[in-house]
Amino acid sequence: MISETIFSQKSDSIINHFLNLFFNIQLSDTMEPKFNSLYVFGDSLSDNGNTFIGQNYVRDNLNPNFDAPSPLYFPGRASNGFIWTDYFAQELGFDLTPVLEFAEVTPVSENSNGEYEINSSFGGNTATQSTNFAFGGAKLVNDYSDPGNLFTPSISTQIDWFLKDLEFKQIQASKDALYVILGGANDYLSGDFSEPMEPVTVVQYAIKSLYDVGARFFLVPNVPDLGNTPLSRSFSDEEIAFLTDVSSRHNDLLETTLRKLKQDLSDIKIKYADFRALGLDVANDPTTFGLTNVTDSYLIGDAPNFSTAGENADDYLFFDEIHLTTVGHLFIADALWKQAMILK
């Protein structure tokens with residue numbers, strides 16, 4: 001059962017209501033765990049502290065004028081509370097450590113171009129314990145690097161970091177671990193890609209690379225309808241139609257690619273989680289999910305000088321223009337939990 005301690009900072013009864021409603025499959029004290037560790041590769045939807053650690057280090061040690069996140073965000077999360085990786089890892093019984101906590105020297109350094117680079121020497125620590133590699137703003141394909149800003153590793157780079165740690169330890173990836181690869185939205189929202197072939201190819205690369213070093217169990221969610229967010233509602237009709245269309249094409253290609261991987265790779269287990277369908281269910285019947293607003297952002301205005309739309313963020317699906325409230329993250333955690341329970 002999910003430990004109550006992780007929710008001690010959330011007194012709102014709606015959280016407990018959703019925990020009871022959605023996490024209706026409980027691990028008994030005597031049940032053998034299905035997995036021995038958890039690895040997450042992704043973007044801000046999954047980041048439980050890496051961007052926060054990096055930004056704080058820059059501000060405290062390299063640039064005191066570096067932007068601080070709005071205090072309305074829960075520490076280390078792009079939400080008003082815990083996110084799906086917190087709920088999911090706790091339910092599985094794991095401490096999911098942000099990868100930057102394993103940095104051997106300092107998590108960030110400034111290069112000659114004024115870019116704040118991630119120091120990706122983790123001493124092999126990620127090879128043997130549950131780790132979250134996700135960073136806010138991460139894309140599947142391209143790293144983000146710009147003078148004055150924190151380097152953001154792509155999901156491709158995150159995979160490479162893990163492979164490097166395995167090589168450092170001279171061991172295989174655990175065949176009993178669960179590997180979650182969740183990304184793609186930023187590749188399209190950034191304008192980097194208008195076709196899904198290259199982003200989906202990175203997912204294929206990630207799975208095959210991990211499989212080749214011993215991984216066997218994978219959860220791979222698709223992308224939601226990117227044309228149906230508070231951010232996209234400020235776009236033109238043409239831009240909204242493009243985002244909805246590219247989301248569908250990404251998901252179709254991803255599902256086909258995963259099906260072929262299951263055919264080609266012996267003993268692999270992959271579950272495809274349909275976040276797009278989940279988003280449509282919530283949008284079409286918000287009251288069933290305990291929500292009153294599934295279209296607007298709870299935060300109003302521009303960072304970091306936000307105002308709020310009401311007293312209770314947990315009445316909303318979206319906390320800001322693109323990120324979910326902690327209640328929205330419970331829906332994601334539940335969807336992945338149900339897939340994980342039938343994966344092994």
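Above this text sits the structure in question.
These lines cover the structure that appears in this document, whether it is placed above or below. Owing to the predicted nature of the structure, the values given are computational and were not obtained by experimental measurement.

## Some points on the packing of helix 6 (residues 197-212) against helix 7 (residues 237-264)
Link 1 in the chain: Their axes nearest at 10 Å, the elements helix 6 and helix 7 cross at an angle of 30°. Overall, the two elements helix 6 and helix 7 adopt an arrangement that is roughly parallel. Note on packing geometry: the crossing formed by helix 6 with helix 7 is right-handed. Where helix 6 approaches helix 7, its residues Met-197, Pro-199, Val-200, Val-203, Gln-204, Ile-207 and Lys-208 are matched on the opposing element by His-250, Leu-253, Leu-254, Thr-257, Leu-258 and Leu-261.
Link 2 in the chain: Class assignment for the residues of the contact of helix 6 with helix 7 results in nine nonpolar, three polar and one charged.

## Quick notes on the sheet that holds strand 1 (residues 38-42)
Link 1 in the chain: If you trace the six strands from one edge of the open sheet to the other, you get 2-5-1-6-7-8, paired in parallel fashion. In this open sheet, the two strands that pair with only one neighbour each are strand 2 (97-98) and strand 8 (269-273).
Link 2 in the chain: In this sheet, strand 5 (residues 131-132) lies alongside strand 1 in parallel orientation, the contact comprising two bridges. Across the sheet, residue Val-40 finds its bridge partner in strand 5, namely Asn-132.

## Description of the pattern of salt bridges
Link 1 in the chain: Summed over all chains, the structure comprises eight salt bridges.
Link 2 in the chain: Two residues, Asp-176 and Lys-175, come together in a salt bridge whose shortest N-O distance is 3.3 Å.
Link 3 in the chain: Residue class for Asp-176 comes out partly exposed when judged on its relative accessible area of 24%.
Link 4 in the chain: One salt bridge connects Arg-249 with Glu-195, and the closest N-O pair in it is separated by 2.7 Å. Residue Arg-249 is found in helix 7, and its partner Glu-195 is found in the loop between helix 5 (185-189) and helix 6; the two are separated by 54 residues along the sequence.

The rules behind these values
Residues numbered from 1 in each chain as written. Predicted model: local features only at pLDDT ≥ 70, side-chain atom pairs only at ≥ 80, totals over all residues. Heavy atoms only, no water. Axes fitted to C-alpha atoms, helices over the stretch in contact; angles between N-to-C directions. Helix = DSSP H or I, 4+ residues; strand = E, 2+ residues; numbered from the N terminus. Parallel < 35°, antiparallel > 145°, perpendicular 65-115°, else oblique. Left-handed = near helix turned anticlockwise from the far one by under 90°. Contact = heavy atoms within 4.5 Å. Nonpolar A, V, L, I, M, F, W, Y, C, P; charged D, E, K, R; others polar. Pairing = 2+ DSSP bridges. Salt bridge = Lys/Arg side-chain N within 4 Å of Asp/Glu carboxyl O. Buried < 20%, exposed > 50% of the residue type's maximum accessible area, 1.4 Å probe, protein only.

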